[in-house]
Amino acid sequence: MSEEILLDTRELEAPEPMGLVLLNLSLLNETTYIKMVHRLEPLMLYTHLTSNKFQYKTLFENDNIIIYIWSNAYQEIKKLEELF
Amino acid sequence: MFVGLSLDQAPPYKAPIKFFLTAPLFAVLAGISAFFANDFILHDPYIIATLHLITIGFIVMTILGALQQMLPVVAGAVIPKANLLANITYLSLTLGLIFFVLSFMLYQKVLFFIAATLLLVGLFYFTSVALFQLFKVQNKSYIVLGMILSLLFFILSFLVGIHLLIANAIGNIATLHYNFALLHYNYIFFGFLFILVVALTIQVVPMFWVTNAFEKSDQKIIIFGSTILLGFYPLTLFLDLKLELVYKIAFTFLILFFVKITLQKLRNRKRKLKDITVYFYNTSMLFLALGTLYWFLMSFFNLPTNTLALLFGLGFVVSIMNGMLYKIVPFLTWFHLNAKGIFTIPTMRDMIPIKNMQIQFYFHLSSLILFFIGFSMDSSIIIRLAIILFIISNIIFFINLFRSVKIYLQTENS
(Lines give C-alpha, C1' and ligand atoms only; values in the text may rest on other atoms or scores of the structure.)
Protein backbone atom coordinates (compact mmCIF):
# COMPACT_ATOMS: atom_id res chain seq x y z
CA MET A 1 0.00 0.00 0.00
CA SER A 2 1.57 3.30 -1.14
CA GLU A 3 1.81 6.12 1.35
CA GLU A 4 1.92 9.70 0.14
CA ILE A 5 3.69 12.48 2.05
CA LEU A 6 1.97 15.64 0.84
CA LEU A 7 4.07 18.80 1.10
CA ASP A 8 2.10 21.87 0.10
CA THR A 9 4.78 24.58 -0.03
CA ARG A 10 2.82 27.14 -2.05
CA GLU A 11 2.60 29.58 0.81
CA LEU A 12 6.12 29.15 2.17
CA GLU A 13 8.98 31.54 1.41
CA ALA A 14 12.43 30.35 0.37
CA PRO A 15 14.19 28.38 1.80
CA GLU A 16 11.34 26.78 3.78
CA PRO A 17 10.11 24.54 0.90
CA MET A 18 13.62 23.18 0.46
CA GLY A 19 14.00 22.64 4.22
CA LEU A 20 10.71 20.78 4.38
CA VAL A 21 11.62 18.42 1.54
CA LEU A 22 15.05 17.73 3.03
CA LEU A 23 13.49 16.77 6.35
CA ASN A 24 11.10 14.37 4.64
CA LEU A 25 13.55 12.70 2.25
CA SER A 26 14.80 10.47 5.08
CA LEU A 27 11.25 9.05 5.43
CA LEU A 28 11.20 7.64 1.90
CA ASN A 29 11.20 3.85 1.66
CA GLU A 30 9.72 0.94 -0.36
CA THR A 31 6.15 2.24 -0.01
CA THR A 32 6.45 5.97 0.60
CA TYR A 33 6.76 8.84 -1.87
CA ILE A 34 6.58 12.63 -1.60
CA LYS A 35 4.12 14.81 -3.48
CA MET A 36 5.37 18.39 -3.33
CA VAL A 37 3.09 21.19 -4.51
CA HIS A 38 5.02 24.38 -5.30
CA ARG A 39 4.43 27.67 -7.07
CA LEU A 40 7.97 27.82 -8.55
CA GLU A 41 10.16 25.19 -10.15
CA PRO A 42 12.89 24.26 -7.60
CA LEU A 43 15.84 23.82 -9.97
CA MET A 44 18.40 23.46 -7.19
CA LEU A 45 16.39 20.71 -5.53
CA TYR A 46 16.64 18.62 -8.70
CA THR A 47 20.45 18.57 -8.57
CA HIS A 48 20.33 17.56 -4.96
CA LEU A 49 17.85 14.75 -5.68
CA THR A 50 19.90 13.44 -8.59
CA SER A 51 23.20 13.47 -6.73
CA ASN A 52 21.61 11.66 -3.77
CA LYS A 53 20.05 9.05 -6.07
CA PHE A 54 16.42 10.03 -5.59
CA GLN A 55 13.99 9.92 -8.52
CA TYR A 56 11.57 12.69 -9.37
CA LYS A 57 8.92 13.68 -11.88
CA THR A 58 7.61 17.20 -12.38
CA LEU A 59 4.11 18.02 -13.59
CA PHE A 60 2.80 21.47 -14.47
CA GLU A 61 -0.86 21.88 -13.54
CA ASN A 62 -2.45 25.31 -13.99
CA ASP A 63 -0.45 27.66 -11.74
CA ASN A 64 0.99 24.84 -9.65
CA ILE A 65 4.10 22.74 -10.05
CA ILE A 66 3.82 19.23 -8.67
CA ILE A 67 6.97 17.23 -7.97
CA TYR A 68 6.75 13.54 -7.13
CA ILE A 69 9.86 12.25 -5.34
CA TRP A 70 10.73 8.66 -4.50
CA SER A 71 13.79 6.64 -3.57
CA ASN A 72 15.39 3.79 -5.53
CA ALA A 73 13.94 1.41 -2.93
CA TYR A 74 10.36 2.37 -3.83
CA GLN A 75 8.54 -0.69 -5.20
CA GLU A 76 5.21 0.61 -6.45
CA ILE A 77 6.47 2.71 -9.30
CA LYS A 78 3.72 1.45 -11.65
CA LYS A 79 1.02 2.86 -9.37
CA LEU A 80 2.89 6.12 -9.13
CA GLU A 81 3.22 6.38 -12.91
CA GLU A 82 -0.55 6.27 -13.19
CA LEU A 83 -0.58 9.66 -11.49
CA PHE A 84 1.71 11.26 -14.12
CA MET B 1 22.55 8.48 4.84
CA PHE B 2 21.35 11.91 3.84
CA VAL B 3 23.63 14.65 5.17
CA GLY B 4 22.40 17.91 3.71
CA LEU B 5 22.03 19.81 0.50
CA SER B 6 24.08 19.07 -2.56
CA LEU B 7 26.48 21.86 -3.44
CA ASP B 8 27.18 20.58 -6.93
CA GLN B 9 25.79 23.75 -8.49
CA ALA B 10 26.12 26.48 -5.87
CA PRO B 11 29.28 28.61 -5.63
CA PRO B 12 31.12 28.46 -2.27
CA TYR B 13 29.61 30.64 0.50
CA LYS B 14 32.45 33.14 0.58
CA ALA B 15 32.42 33.67 -3.22
CA PRO B 16 29.34 35.94 -3.37
CA ILE B 17 29.41 37.01 0.32
CA LYS B 18 32.57 39.07 -0.03
CA PHE B 19 30.88 41.12 -2.78
CA PHE B 20 27.81 41.70 -0.57
CA LEU B 21 29.83 42.78 2.47
CA THR B 22 32.10 45.08 0.47
CA ALA B 23 29.22 46.93 -1.25
CA PRO B 24 28.06 48.89 1.86
CA LEU B 25 31.68 49.73 2.71
CA PHE B 26 32.12 51.37 -0.69
CA ALA B 27 28.83 53.21 -0.09
CA VAL B 28 30.31 54.57 3.16
CA LEU B 29 33.42 55.70 1.24
CA ALA B 30 31.12 57.29 -1.37
CA GLY B 31 29.43 59.25 1.40
CA ILE B 32 32.76 60.38 2.89
CA SER B 33 33.99 61.47 -0.55
CA ALA B 34 30.77 63.41 -1.23
CA PHE B 35 31.00 65.09 2.17
CA PHE B 36 34.30 66.73 1.21
CA ALA B 37 33.12 67.96 -2.22
CA ASN B 38 33.24 71.73 -2.72
CA ASP B 39 30.25 71.78 -5.04
CA PHE B 40 27.65 69.10 -5.66
CA ILE B 41 28.20 69.19 -9.40
CA LEU B 42 29.33 66.44 -11.75
CA HIS B 43 32.70 68.06 -12.49
CA ASP B 44 33.88 68.11 -8.89
CA PRO B 45 36.50 65.32 -8.55
CA TYR B 46 35.00 64.23 -5.21
CA ILE B 47 31.57 63.89 -6.85
CA ILE B 48 33.05 61.89 -9.75
CA ALA B 49 34.66 59.62 -7.14
CA THR B 50 31.35 59.38 -5.26
CA LEU B 51 29.39 58.45 -8.38
CA HIS B 52 31.78 55.64 -9.24
CA LEU B 53 31.99 54.39 -5.66
CA ILE B 54 28.20 54.04 -5.75
CA THR B 55 27.79 52.71 -9.31
CA ILE B 56 30.77 50.34 -9.39
CA GLY B 57 31.47 49.92 -5.68
CA PHE B 58 27.92 49.37 -4.49
CA ILE B 59 25.70 48.62 -7.47
CA VAL B 60 27.98 46.56 -9.75
CA MET B 61 29.57 44.82 -6.74
CA THR B 62 26.11 43.72 -5.53
CA ILE B 63 25.00 42.66 -9.01
CA LEU B 64 28.07 40.47 -9.56
CA GLY B 65 27.57 38.79 -6.19
CA ALA B 66 23.87 38.26 -6.89
CA LEU B 67 24.48 36.87 -10.39
CA GLN B 68 26.92 34.27 -9.06
CA GLN B 69 24.21 33.10 -6.72
CA MET B 70 21.26 33.43 -9.09
CA LEU B 71 22.73 31.60 -12.09
CA PRO B 72 22.36 28.14 -10.52
CA VAL B 73 18.93 28.99 -9.09
CA VAL B 74 17.28 30.48 -12.17
CA ALA B 75 19.19 28.77 -14.91
CA GLY B 76 20.45 25.57 -13.31
CA ALA B 77 23.78 26.84 -14.65
CA VAL B 78 27.01 25.71 -12.99
CA ILE B 79 29.79 28.29 -12.84
CA PRO B 80 33.06 26.47 -13.50
CA LYS B 81 35.90 27.37 -11.08
CA ALA B 82 33.53 29.61 -9.13
CA ASN B 83 36.16 30.57 -6.54
CA LEU B 84 38.67 31.63 -9.17
CA LEU B 85 36.06 33.70 -10.98
CA ALA B 86 34.93 35.34 -7.74
CA ASN B 87 38.48 36.12 -6.57
CA ILE B 88 39.74 37.54 -9.86
CA THR B 89 36.60 39.63 -10.37
CA TYR B 90 36.54 40.84 -6.77
CA LEU B 91 40.21 41.83 -6.71
CA SER B 92 40.20 43.56 -10.08
CA LEU B 93 36.99 45.41 -9.27
CA THR B 94 38.10 46.51 -5.81
CA LEU B 95 41.63 47.53 -6.80
CA GLY B 96 40.39 49.05 -10.08
CA LEU B 97 37.90 51.20 -8.22
CA ILE B 98 40.45 52.35 -5.62
CA PHE B 99 42.89 53.32 -8.40
CA PHE B 100 40.03 55.02 -10.27
CA VAL B 101 39.15 57.19 -7.26
CA LEU B 102 42.82 57.99 -6.59
CA SER B 103 43.35 58.93 -10.25
CA PHE B 104 40.67 61.61 -9.96
CA MET B 105 41.87 62.83 -6.56
CA LEU B 106 45.57 62.99 -7.53
CA TYR B 107 45.17 63.80 -11.27
CA GLN B 108 47.53 60.98 -12.23
CA LYS B 109 46.96 59.57 -15.72
CA VAL B 110 48.95 56.42 -15.01
CA LEU B 111 46.61 55.54 -12.14
CA PHE B 112 43.68 56.05 -14.45
CA PHE B 113 45.06 53.58 -17.00
CA ILE B 114 45.78 51.01 -14.28
CA ALA B 115 42.21 51.46 -13.01
CA ALA B 116 40.67 51.16 -16.48
CA THR B 117 42.66 47.98 -17.21
CA LEU B 118 41.72 46.33 -13.91
CA LEU B 119 38.02 47.21 -14.26
CA LEU B 120 38.00 46.06 -17.87
CA VAL B 121 39.59 42.70 -17.02
CA GLY B 122 37.28 42.03 -14.07
CA LEU B 123 34.03 43.05 -15.71
CA PHE B 124 34.66 41.37 -19.06
CA TYR B 125 35.88 38.15 -17.47
CA PHE B 126 32.79 37.90 -15.30
CA THR B 127 30.35 39.00 -18.01
CA SER B 128 31.74 36.57 -20.58
CA VAL B 129 31.57 33.61 -18.13
CA ALA B 130 28.01 34.53 -17.10
CA LEU B 131 26.87 35.00 -20.71
CA PHE B 132 28.43 31.70 -21.76
CA GLN B 133 26.58 29.87 -18.99
CA LEU B 134 23.30 31.63 -19.76
CA PHE B 135 23.51 30.92 -23.50
CA LYS B 136 23.96 27.21 -22.70
CA VAL B 137 20.58 27.02 -20.91
CA GLN B 138 18.29 24.99 -23.14
CA ASN B 139 14.78 26.20 -22.39
CA LYS B 140 15.44 29.86 -21.80
CA SER B 141 12.84 31.47 -19.53
CA TYR B 142 12.18 35.20 -19.75
CA ILE B 143 14.34 35.54 -16.62
CA VAL B 144 17.30 33.97 -18.43
CA LEU B 145 16.62 36.01 -21.58
CA GLY B 146 16.37 39.16 -19.45
CA MET B 147 19.74 38.43 -17.86
CA ILE B 148 21.35 37.81 -21.26
CA LEU B 149 19.94 41.03 -22.74
CA SER B 150 20.94 43.01 -19.67
CA LEU B 151 24.55 41.79 -19.87
CA LEU B 152 24.68 42.48 -23.61
CA PHE B 153 23.52 46.06 -23.00
CA PHE B 154 26.16 46.31 -20.28
CA ILE B 155 28.89 45.35 -22.78
CA LEU B 156 27.53 47.79 -25.37
CA SER B 157 27.34 50.65 -22.89
CA PHE B 158 30.83 49.84 -21.64
CA LEU B 159 32.19 50.05 -25.20
CA VAL B 160 30.41 53.36 -25.78
CA GLY B 161 31.84 54.53 -22.42
CA ILE B 162 35.37 53.70 -23.56
CA HIS B 163 34.76 55.66 -26.78
CA LEU B 164 33.67 58.66 -24.66
CA LEU B 165 36.69 58.38 -22.38
CA ILE B 166 39.14 58.22 -25.29
CA ALA B 167 37.43 61.19 -26.94
CA ASN B 168 37.76 63.13 -23.67
CA ALA B 169 41.37 62.06 -23.14
CA ILE B 170 42.55 63.19 -26.58
CA GLY B 171 40.28 66.25 -26.61
CA ASN B 172 38.46 65.11 -29.73
CA ILE B 173 34.91 66.09 -28.84
CA ALA B 174 32.95 65.54 -32.05
CA THR B 175 29.44 66.82 -32.74
CA LEU B 176 28.07 63.34 -32.03
CA HIS B 177 29.75 63.19 -28.61
CA TYR B 178 26.57 64.23 -26.79
CA ASN B 179 24.57 61.54 -28.63
CA PHE B 180 27.08 58.88 -27.60
CA ALA B 181 26.85 60.10 -24.01
CA LEU B 182 23.03 59.83 -24.13
CA LEU B 183 23.28 56.35 -25.60
CA HIS B 184 25.73 55.37 -22.82
CA TYR B 185 23.39 56.59 -20.04
CA ASN B 186 20.29 54.99 -21.59
CA TYR B 187 21.99 51.62 -22.15
CA ILE B 188 23.49 51.57 -18.65
CA PHE B 189 20.31 52.52 -16.88
CA PHE B 190 17.48 51.07 -18.96
CA GLY B 191 19.39 48.33 -20.79
CA PHE B 192 21.60 46.98 -18.04
CA LEU B 193 20.06 48.00 -14.71
CA PHE B 194 16.34 48.15 -15.47
CA ILE B 195 16.16 44.89 -17.47
CA LEU B 196 18.31 43.11 -14.85
CA VAL B 197 16.10 44.36 -12.00
CA VAL B 198 13.04 43.16 -13.95
CA ALA B 199 14.57 39.69 -14.44
CA LEU B 200 15.64 39.43 -10.79
CA THR B 201 12.28 40.73 -9.57
CA ILE B 202 10.40 38.11 -11.60
CA GLN B 203 12.56 35.49 -9.87
CA VAL B 204 12.93 36.72 -6.30
CA VAL B 205 9.56 38.35 -5.53
CA PRO B 206 7.53 35.10 -5.81
CA MET B 207 10.39 33.17 -4.16
CA PHE B 208 11.03 35.33 -1.09
CA TRP B 209 7.77 37.23 -0.66
CA VAL B 210 5.33 34.39 -1.50
CA THR B 211 3.41 36.03 -4.32
CA ASN B 212 1.89 34.61 -7.48
CA ALA B 213 4.36 34.31 -10.34
CA PHE B 214 4.48 37.17 -12.86
CA GLU B 215 2.33 36.47 -15.92
CA LYS B 216 4.42 35.23 -18.86
CA SER B 217 2.79 37.82 -21.15
CA ASP B 218 3.76 40.64 -18.74
CA GLN B 219 7.34 39.35 -18.54
CA LYS B 220 7.50 39.30 -22.33
CA ILE B 221 6.06 42.80 -22.75
CA ILE B 222 8.46 44.41 -20.27
CA ILE B 223 11.68 42.62 -21.27
CA PHE B 224 11.20 42.55 -25.05
CA GLY B 225 9.45 45.95 -25.09
CA SER B 226 12.47 47.54 -23.35
CA THR B 227 14.87 45.80 -25.73
CA ILE B 228 12.99 46.96 -28.83
CA LEU B 229 12.88 50.55 -27.56
CA LEU B 230 16.59 50.49 -26.76
CA GLY B 231 17.30 49.09 -30.23
CA PHE B 232 15.28 51.91 -31.73
CA TYR B 233 16.94 54.63 -29.60
CA PRO B 234 20.29 54.92 -31.49
CA LEU B 235 18.34 55.19 -34.76
CA THR B 236 16.40 58.21 -33.55
CA LEU B 237 19.59 59.69 -32.08
CA PHE B 238 22.00 59.29 -34.98
CA LEU B 239 19.54 59.59 -37.87
CA ASP B 240 18.04 62.63 -36.15
CA LEU B 241 14.51 61.23 -36.50
CA LYS B 242 13.20 63.55 -33.75
CA LEU B 243 11.36 60.66 -32.16
CA GLU B 244 12.93 60.91 -28.71
CA LEU B 245 9.60 61.92 -27.21
CA VAL B 246 7.94 58.76 -28.61
CA TYR B 247 10.78 56.72 -27.07
CA LYS B 248 10.29 58.43 -23.72
CA ILE B 249 6.50 58.06 -23.71
CA ALA B 250 6.70 54.34 -24.56
CA PHE B 251 9.40 53.68 -21.94
CA THR B 252 7.51 55.64 -19.29
CA PHE B 253 4.40 53.48 -19.84
CA LEU B 254 6.49 50.30 -19.78
CA ILE B 255 8.23 51.19 -16.52
CA LEU B 256 5.02 52.37 -14.83
CA PHE B 257 3.39 49.08 -15.87
CA PHE B 258 6.25 47.14 -14.24
CA VAL B 259 5.96 49.26 -11.07
CA LYS B 260 2.20 48.70 -10.95
CA ILE B 261 2.32 44.91 -11.25
CA THR B 262 5.24 44.57 -8.81
CA LEU B 263 3.48 46.69 -6.17
CA GLN B 264 0.28 44.67 -6.74
CA LYS B 265 2.16 41.40 -6.23
CA LEU B 266 3.74 42.64 -3.00
CA ARG B 267 0.43 44.01 -1.70
CA ASN B 268 -1.35 40.71 -2.43
CA ARG B 269 1.41 38.49 -1.05
CA LYS B 270 0.10 35.37 0.60
CA ARG B 271 2.00 35.75 3.85
CA LYS B 272 1.39 39.18 5.26
CA LEU B 273 4.03 39.07 8.00
CA LYS B 274 5.79 42.29 8.93
CA ASP B 275 8.74 42.44 6.59
CA ILE B 276 11.07 45.45 6.31
CA THR B 277 12.38 44.20 2.98
CA VAL B 278 8.93 44.94 1.53
CA TYR B 279 9.37 48.57 2.66
CA PHE B 280 12.63 48.67 0.71
CA TYR B 281 11.00 47.15 -2.38
CA ASN B 282 8.01 49.51 -2.23
CA THR B 283 10.32 52.52 -1.75
CA SER B 284 12.37 51.39 -4.70
CA MET B 285 9.32 51.06 -6.96
CA LEU B 286 8.01 54.45 -5.84
CA PHE B 287 11.34 56.12 -6.68
CA LEU B 288 11.48 54.30 -10.02
CA ALA B 289 8.07 55.74 -10.90
CA LEU B 290 9.02 59.23 -9.69
CA GLY B 291 12.36 59.08 -11.51
CA THR B 292 10.69 58.00 -14.74
CA LEU B 293 8.17 60.84 -14.58
CA TYR B 294 10.99 63.29 -13.77
CA TRP B 295 13.01 61.95 -16.74
CA PHE B 296 9.96 62.43 -18.97
CA LEU B 297 9.40 65.99 -17.73
CA MET B 298 13.06 66.84 -18.47
CA SER B 299 11.99 66.92 -22.14
CA PHE B 300 9.88 69.98 -21.42
CA PHE B 301 11.58 71.74 -18.51
CA ASN B 302 15.16 72.57 -17.66
CA LEU B 303 15.43 70.33 -14.60
CA PRO B 304 18.68 69.48 -12.75
CA THR B 305 20.27 66.12 -13.52
CA ASN B 306 21.44 65.46 -9.94
CA THR B 307 17.81 64.95 -8.83
CA LEU B 308 17.36 62.33 -11.58
CA ALA B 309 20.52 60.56 -10.38
CA LEU B 310 19.13 60.64 -6.83
CA LEU B 311 15.71 59.26 -7.80
CA PHE B 312 17.05 56.50 -10.06
CA GLY B 313 20.40 55.72 -8.39
CA LEU B 314 19.82 55.91 -4.65
CA GLY B 315 16.02 55.82 -4.60
CA PHE B 316 15.41 52.98 -7.04
CA VAL B 317 18.56 50.89 -7.41
CA VAL B 318 20.19 51.19 -3.96
CA SER B 319 16.84 50.69 -2.15
CA ILE B 320 16.02 47.52 -4.10
CA MET B 321 19.51 46.14 -3.48
CA ASN B 322 19.12 46.73 0.26
CA GLY B 323 15.87 44.76 0.23
CA MET B 324 17.27 41.94 -1.89
CA LEU B 325 20.46 41.55 0.16
CA TYR B 326 18.46 41.26 3.38
CA LYS B 327 16.89 38.16 1.81
CA ILE B 328 19.82 36.75 -0.16
CA VAL B 329 22.50 36.84 2.58
CA PRO B 330 20.45 34.98 5.27
CA PHE B 331 19.29 32.56 2.55
CA LEU B 332 22.93 31.77 1.68
CA THR B 333 23.81 31.32 5.35
CA TRP B 334 20.93 28.86 5.79
CA PHE B 335 21.67 27.06 2.54
CA HIS B 336 25.38 26.51 3.12
CA LEU B 337 25.04 25.47 6.77
CA ASN B 338 22.33 23.03 5.74
CA ALA B 339 24.66 21.68 3.09
CA LYS B 340 27.17 20.90 5.82
CA GLY B 341 24.53 18.82 7.57
CA ILE B 342 23.95 21.43 10.29
CA PHE B 343 20.21 21.64 10.90
CA THR B 344 20.12 23.60 14.17
CA ILE B 345 20.19 26.89 12.30
CA PRO B 346 18.19 30.02 13.14
CA THR B 347 15.42 30.71 10.62
CA MET B 348 16.07 33.40 8.02
CA ARG B 349 13.81 35.77 9.95
CA ASP B 350 15.88 35.33 13.12
CA MET B 351 19.26 35.93 11.52
CA ILE B 352 18.88 39.72 11.23
CA PRO B 353 16.48 41.24 13.79
CA ILE B 354 13.58 43.13 12.19
CA LYS B 355 14.21 46.12 14.47
CA ASN B 356 17.79 46.52 13.20
CA MET B 357 16.61 46.43 9.58
CA GLN B 358 13.86 48.89 10.41
CA ILE B 359 16.33 51.38 11.93
CA GLN B 360 18.48 51.16 8.81
CA PHE B 361 15.45 51.57 6.57
CA TYR B 362 14.48 54.84 8.29
CA PHE B 363 18.05 56.18 8.02
CA HIS B 364 18.02 55.27 4.32
CA LEU B 365 14.61 56.82 3.68
CA SER B 366 15.46 59.98 5.66
CA SER B 367 18.66 60.43 3.66
CA LEU B 368 16.71 60.10 0.38
CA ILE B 369 14.16 62.70 1.48
CA LEU B 370 16.84 65.10 2.71
CA PHE B 371 18.84 64.67 -0.52
CA PHE B 372 15.69 65.52 -2.47
CA ILE B 373 14.99 68.63 -0.36
CA GLY B 374 18.67 69.63 -0.42
CA PHE B 375 18.94 69.41 -4.20
CA SER B 376 15.58 71.18 -4.68
CA MET B 377 16.58 74.05 -2.38
CA ASP B 378 20.22 73.96 -3.47
CA SER B 379 21.19 73.80 0.20
CA SER B 380 24.62 72.32 0.86
CA ILE B 381 23.87 72.07 4.62
CA ILE B 382 20.83 69.82 4.00
CA ILE B 383 22.76 67.80 1.41
CA ARG B 384 25.61 67.27 3.91
CA LEU B 385 23.08 66.19 6.53
CA ALA B 386 21.65 63.70 4.00
CA ILE B 387 25.18 62.41 3.36
CA ILE B 388 25.73 61.80 7.11
CA LEU B 389 22.45 59.83 7.29
CA PHE B 390 23.48 57.88 4.17
CA ILE B 391 26.83 56.97 5.76
CA ILE B 392 25.15 55.87 9.01
CA SER B 393 22.59 53.86 7.02
CA ASN B 394 25.32 51.93 5.23
CA ILE B 395 27.34 51.29 8.41
CA ILE B 396 24.19 49.75 9.96
CA PHE B 397 23.54 47.87 6.70
CA PHE B 398 27.02 46.32 6.87
CA ILE B 399 26.58 45.39 10.56
CA ASN B 400 23.16 43.83 9.84
CA LEU B 401 24.46 41.73 6.94
CA PHE B 402 27.50 40.72 8.97
CA ARG B 403 25.23 39.35 11.74
CA SER B 404 24.05 36.70 9.30
CA VAL B 405 27.58 35.97 8.07
CA LYS B 406 28.76 35.67 11.69
CA ILE B 407 26.20 32.90 12.28
CA TYR B 408 27.78 30.97 9.41
CA LEU B 409 31.34 31.55 10.63
CA GLN B 410 30.56 30.67 14.26
CA THR B 411 28.51 27.58 13.38
CA GLU B 412 31.11 26.40 10.88
CA ASN B 413 33.89 26.67 13.45
CA SER B 414 31.95 25.17 16.37
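Remember, it's a predicted structure, so these values are computed and weren't measured experimentally.

Undergrad: When you look at the overall build of chain B in this model, what are you seeing that I'm missing?
TA: Scanning chain B from terminus to terminus reveals 13 helices and zero strands. Along its sequence from the N terminus, chain B presents helices and strands in the succession α-α-α-α-α-α-α-α-α-α-α-α-α. Against the globule reference of 22 Å for 414 residues, chain B gives a C-alpha radius of gyration of 21 Å, in line with a compact fold. Each principal axis of the C-alpha distribution contributes one length, and for chain B these read about 70 × 45 × 40 Å. Counting every position in chain B, which comprises 414 residues, the buried fraction comes to 48%.

Undergrad: Where do I start with the pairing of strand E3 (residues 54–61) of chain A in this structure?
TA: A regular strand places its side chains so that they alternate between the two faces of the sheet. Residues and elements named next belong to chain A. As paired elements, E3 and strand E4 (residues 64–71) share eight bridges and run antiparallel to each other. Across the sheet, the residue bridging to glutamate 61 is asparagine 64, located in E4. Counting the residues in the hairpin turn of E3 and E4 gives two residues, including asparagine 62, whose phi is positive at 50°.

Undergrad: Got a minute to help me understand the sheet that holds E4(A) in this structure?
TA: In sheet architecture, strand pairing relies on hydrogen bonds along the backbone and comes in two forms, parallel and antiparallel. Residues and elements named next belong to chain A. The mixed open sheet is built from four strands, whose spatial order is E1-E2-E4-E3. Looking at strand neighbours, the two that pair on one side only are strand E1 (3–8) and E3, the edges of this open sheet. Ignoring strand direction, the axes of neighbouring strands in this sheet form an average angle of 20°. By the bridge criterion, five bridges tie strand E2 (residues 32–38) to E4 in an arrangement that is antiparallel. Within the sheet, the bridge partner assigned to valine 37 lies in E4 and is isoleucine 66.

Undergrad: Whenever I open this one, the pairing of E2(A) confuses me. Can you help?
TA: Here six bridges tie E1(A) to E2(A), and the two strands are oriented parallel to one another. Across the sheet, residue Leu7(A) finds its bridge partner in E2(A), namely Met36(A).

Undergrad: Can you help me understand the interface of chain B and chain A in this one?
TA: Where interface size is quoted, it is often the accessible area lost as the parts come together. Contact residues are listed per partner, giving 22 residues for chain B and 17 residues for chain A. Listing elements by their share of the side of chain B that touches chain A, those giving two or more residues are helix H2 (45–75), helix H6 (177–209) and helix H10 (305–339) of chain B. Split into classes, the residues belonging to the side of chain B that touches chain A amount to 14 nonpolar, five polar and three charged.

Undergrad: Explain the environment of Pro304(B) here, please?
TA: Residue and element names in this part refer to chain B. Looking at where proline 304 falls in the secondary structure, it is placed in the loop between helix H9 (276–297) and H10. For proline 304, a count of 15 C-beta atoms within 10 Å puts it in the partly exposed group. For proline 304 and leucine 239, which are 65 residues apart along the polypeptide, the C-alpha to C-alpha distance reads 27 Å.

Undergrad: Is there a simple way to explain the packing of H6(B) against helix H7 (residues 216–238) of chain B in this structure?
TA: A pair of packed helices is captured by two measures, namely the crossing angle of their axes and the spacing between those axes. All names here are of chain B. Axis separation between H6 and H7 bottoms out at 11 Å; the angle between their running directions is 175°. Accordingly, the angle class assigned to the pair H6 and H7 is roughly antiparallel. Here H6 contributes Asn179, Leu182, Leu183, Asn186, Tyr187, Phe190, Gly191, Phe194, Ile195, Val198 and Ile202 to the contact with H7, which in turn contributes Gln219, Ile222, Ile223, Ser226, Leu230, Tyr233, Pro234, Leu237 and Phe238. Its residues assigned to classes, the contact of H6 with H7 shows 15 nonpolar, five polar and no charged.

Undergrad: Please clarify how the packing of H6(B) against helix H8 (residues 244–267) of chain B should be interpreted in this entry.
TA: Residue and element names in this part refer to chain B. Between H6 and H8, whose axes approach to 11 Å, the crossing angle comes to 15°. In terms of axis orientation, H6 runs roughly parallel to H8. The hand of the H6/H8 crossing is left-handed. From H6, Phe190, Val198, Thr201, Val205 and Trp209 reach across to H8, where they touch Phe251, Phe258, Thr262, Lys265 and Leu266. A class-by-class count of the residues in the contact of H6 with H8 yields seven nonpolar, two polar and one charged.

Undergrad: Where do I start with the nonpolar core in this structure?
TA: One broad trend across soluble globular proteins is that nonpolar side chains are buried collectively. All names here are of chain B. Core analysis: the biggest nonpolar cluster contains 153 residues, and Phe58, Ile195, Leu196 and Val198 have the highest contact counts within it. If one sorts the elements of this core by residue count, H10 sits on top with 21 residues. Beyond its immediate sequence surroundings of up to four residues, leucine 196 is in contact with Ile63, Met147 and Ser150.

Undergrad: What's the story with unusual backbone geometry in this structure? I'm lost.
TA: Leaving glycine out, the prevailing phi sign among residues is negative, and the prevailing peptide bond configuration is trans. With an omega dihedral of 5°, the bond running from Ala14(A) to Pro15(A) counts as a cis peptide bond. Its location among the elements puts Pro15(A) in the loop between E1 and helix H1 (16–25). The phi dihedral of Tyr107(B) falls on the positive side, at around 55°, and the residue is not glycine. Looking at the secondary structure, you find Tyr107(B) in the loop between helix H3 (82–106) and helix H4 (109–136). Looking at Tyr107(B), the number of C-beta atoms within 10 Å reads 10, which means it is exposed.

Undergrad: Can you help me understand H10(B) in this one?
TA: Since one α-helical turn is 3.6 residues long, residues separated by three or four positions face the same way. All names here are of chain B. With 35 residues, H10 extends 48 Å between its outermost C-alpha atoms, agreeing within 8% with the 51 Å of an ideal straight helix rising 1.5 Å per residue. Maximum bend of H10: about 25°, positioned at leucine 325. Looking one or two residues beyond H10, the residue adopting positive phi is glycine 341, at roughly 80°.

Quick notes on the rules
Residues numbered from 1 in each chain as written. Chains lettered and ligands numbered in written order. Predicted model: local features only at pLDDT ≥ 70, side-chain atom pairs only at ≥ 80, totals over all residues. Helix = DSSP H or I, 4+ residues; strand = E, 2+ residues; numbered from the N terminus. Rg over C-alpha atoms; globule rule 2.2 N^0.38 Å. Buried ≥ 20, exposed ≤ 12 C-beta atoms within 10 Å, placed from the backbone. Pairing = 2+ DSSP bridges. Axes fitted to C-alpha atoms, helices over the stretch in contact; angles between N-to-C directions. Contact = placed C-beta atoms within 7 Å. Nonpolar A, V, L, I, M, F, W, Y, C, P; charged D, E, K, R; others polar. Parallel < 35°, antiparallel > 145°, perpendicular 65-115°, else oblique. Left-handed = near helix turned anticlockwise from the far one by under 90°. Core = buried A, V, L, I, M, F, W, Y, C linked by C-beta atoms within 7 Å. Expected span 1.5 Å × (residues − 1). Bend = angle between axes of the 7 residues up to and from the residue.

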